[in-house]
Amino acid sequence: NVEGKTVFLRADLDVPLTQQTTNNSPAGEAGKQQTTIEDDTRLKASIPTIEYLLKNNAKVVIGGHLGRPKGINKSLSLEPVAHWFVKKLIHNSEFIIHNSKLASFEGWEIGPSIFLLENLRFYAGEEANDPEFAKKLANLAQIYVNDAFAMSHRNHASIVEITKFLPHFAGLHLEKEISVLSKAFQNPRRPLAVVIGGKKIETKLPLVAKMYSIADYVLVGGKIAQEHKEFLKIEHQKINPPADAKSDLADGRKAILLVADLNEQGTGILENSLNNFIEIIERAKTIIWNGTMGKIENNGDFNHATKKIAEAIIKTKSYSVVGGGDTTEFLRKRGIINKFSFASTGGGAMLAFLSGEKLPGLVALEK
């Protein structure tokens, strides 16, 4: 029962920003710099929980972070996010937000029932998971809700320590992420193919190891393939299981693991590897994809393999889950991300969860 109560909502506000120069300045003056949100997917994910709380007559204090500031950094202020929430929630073009304070915290009033806190990473206590800082956050509300799945693998004050001071619950988006990702690898339609690429090798190797005993196929491309080919020990070959096989693990053996051959520069996978990957994707019934198949540029040949993988997955009509910032941004810019069954807002959190790790933010909610 949240009626008449104040809820601290930990949302995922870490969105990409771009600086644009406006040309409507008086003659002779330089254009003004304007910050815009390039991708608002994570912000949209928080709206159902916010609307639920408002509908049930709660006041909402929204907390989150942007980027990796070391102390106060105005270029990473959440003010653009405050303006975004005004447009989405207030629907009043005349409403003007002002810098305000809630207890000792800077932020913005967004209508009568919402307050957005300034970037929590401006405070050292956030990333230190400091109990005193968490208590100050908790004093702002009577209930805590975590709707930031993408941050739930972090042991931070607004994710973990705050739950020691308030009744705590999962938000609607976090609940959906856990539900979808759990079903995708606990009881998937088979064959299950897992496609892993991109950078951040240290976070992706555990997923390769985990999926080796769960998936039917594990397809590895990108930088992870370049630097760990000897570790992965794979022979490149075409795979031809029976066409009517419900699962290529039916005989109890482990997954078939394919590692892509890369070009001389290590910036993309070769055509023979791409064709092998596509052949496997075409027979899969469930596909989990995290990481691009090479270096991503706005325009360039390196985009070719990632684009072809995306097209192949969409064409299969299989149940498809995609995650990872570079991958989802690539798909969004091409207007095809909605053709996937589910796009996770988590990059590292998605990998950690699928690898079987206990996410600190989820463990805290269970206590």
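Coordinates for the structure precede this section.
Predicted model only: the values in this text are computed from it and were never measured. Counting of residues starts from 1 at the beginning of each chain's written sequence and follows it residue by residue. Per-residue local features are limited, in this predicted model, to residues with pLDDT of at least 70; the limit for side-chain atom pairs, both in listing and counting, is 80 or more; totals at the level of whole chains, interfaces and linings are taken over all residues. As a rule here, side-chain values come from all non-hydrogen atoms in the structure, and water together with hydrogens is ignored.

Some thoughts on the nonpolar core
Inside soluble globular proteins, nonpolar side chains tend to come together where they are buried.
Inference 1: As used here, the term nonpolar core means buried Ala, Val, Leu, Ile, Met, Phe, Trp, Tyr and Cys residues forming a set that is joined through side-chain atoms within 4.5 Å. Burial classes: relative accessible area under 20% of the type maximum marks a residue as buried, over 50% as exposed, and values in between as partly exposed (1.4 Å probe, protein chains only). Counting residues in hydrophobic clusters, the biggest one holds 56 residues, and the most contacted among them are Phe8, Leu117, Met211, Val218 and Ile288.
Inference 2: Going along the chain from the N terminus, every DSSP run of H or I of four or more residues is numbered as a helix, and every run of E of two or more is numbered as a strand. Looking at which element gives the most residues to this core, the answer is helix H12 (residues 348–354), with 6 residues.

Details of a positive patch on the surface
Inference 1: Residues enter patches when they are more than 30% accessible in relative terms and free of salt bridges; like-charged ones are connected within 9 Å and nonpolar ones (Val, Leu, Ile, Met, Phe, Trp, Tyr) within 5 Å. Using a 1.4 Å probe, accessible areas were evaluated by the Shrake-Rupley method; residue-level cover was limited to the displayed protein chains. Every case where a carboxyl oxygen of Asp or Glu lies within 4 Å of a side-chain nitrogen of Lys or Arg is listed as a salt bridge. Charge counting follows a simple rule: Lys and Arg are positive, Asp and Glu are negative, and His as well as the terminal groups are ignored. Taken as the charge centre is NZ of Lys, CZ of Arg, CG of Asp or CD of Glu, depending on the residue. Side chains of Arg68, Lys70, Arg154, Lys199 and Lys200 sit close together on the surface and give a patch of like positive charge.
Inference 2: Considering the arrangement of structural elements, one finds Lys200 in the loop between strand E10 (192–196) and helix H6 (201–211).

As for the pairing of strand E1 (residues 6–10)
Inference 1: Most of E1 sits out of view: 5 of its 5 residues are buried.
Inference 2: Neither face of E1 is open: one carries Thr6, Phe8 and Arg10, the other Val7 and Leu9, and all of them are buried.
Inference 3: Pairing of E1 with strand E4 (residues 59–63), which is carried by 5 bridges, proceeds in the parallel orientation. Paired with Arg10 across the strands is Gly63, a residue of E4. Here, any two strands with at least 2 DSSP bridges between them count as paired.

Remarks on the pattern of salt bridges
Inference 1: A complete count under the given rule lists 12 salt bridges for this structure.
Inference 2: Arg332 is paired through a salt bridge with Asp39; the nearest N and O atoms lie 3.1 Å apart. Pair noted here: Arg332 is in helix H11 (residues 325–333) and Asp39 is in the loop between strand E3 (33–37) and helix H1 (41–55), with a separation of 293 residues, a long-range link.
Inference 3: By relative accessible area, which is 24% here, Arg332 ends up partly exposed.

Describing empty space enclosed by the protein
Inference 1: Buriedness for pockets is judged along seven lines, at least five of which must meet protein on both sides within 12 Å for an open set on the 1 Å grid over protein atoms alone, while cavities are sets there where a 1.4 Å probe fits but cannot get out, and lining residues have an atom within 4 Å of a point. Grid points are joined across faces, edges and corners, and a volume is the space filled by probe spheres set on the points. Scanning the model with the defined rule gives 1 cavity of 30 Å³ or more in all.
Inference 2: Looking at the lining of the largest cavity element by element, the count peaks at 3 residues for H1.

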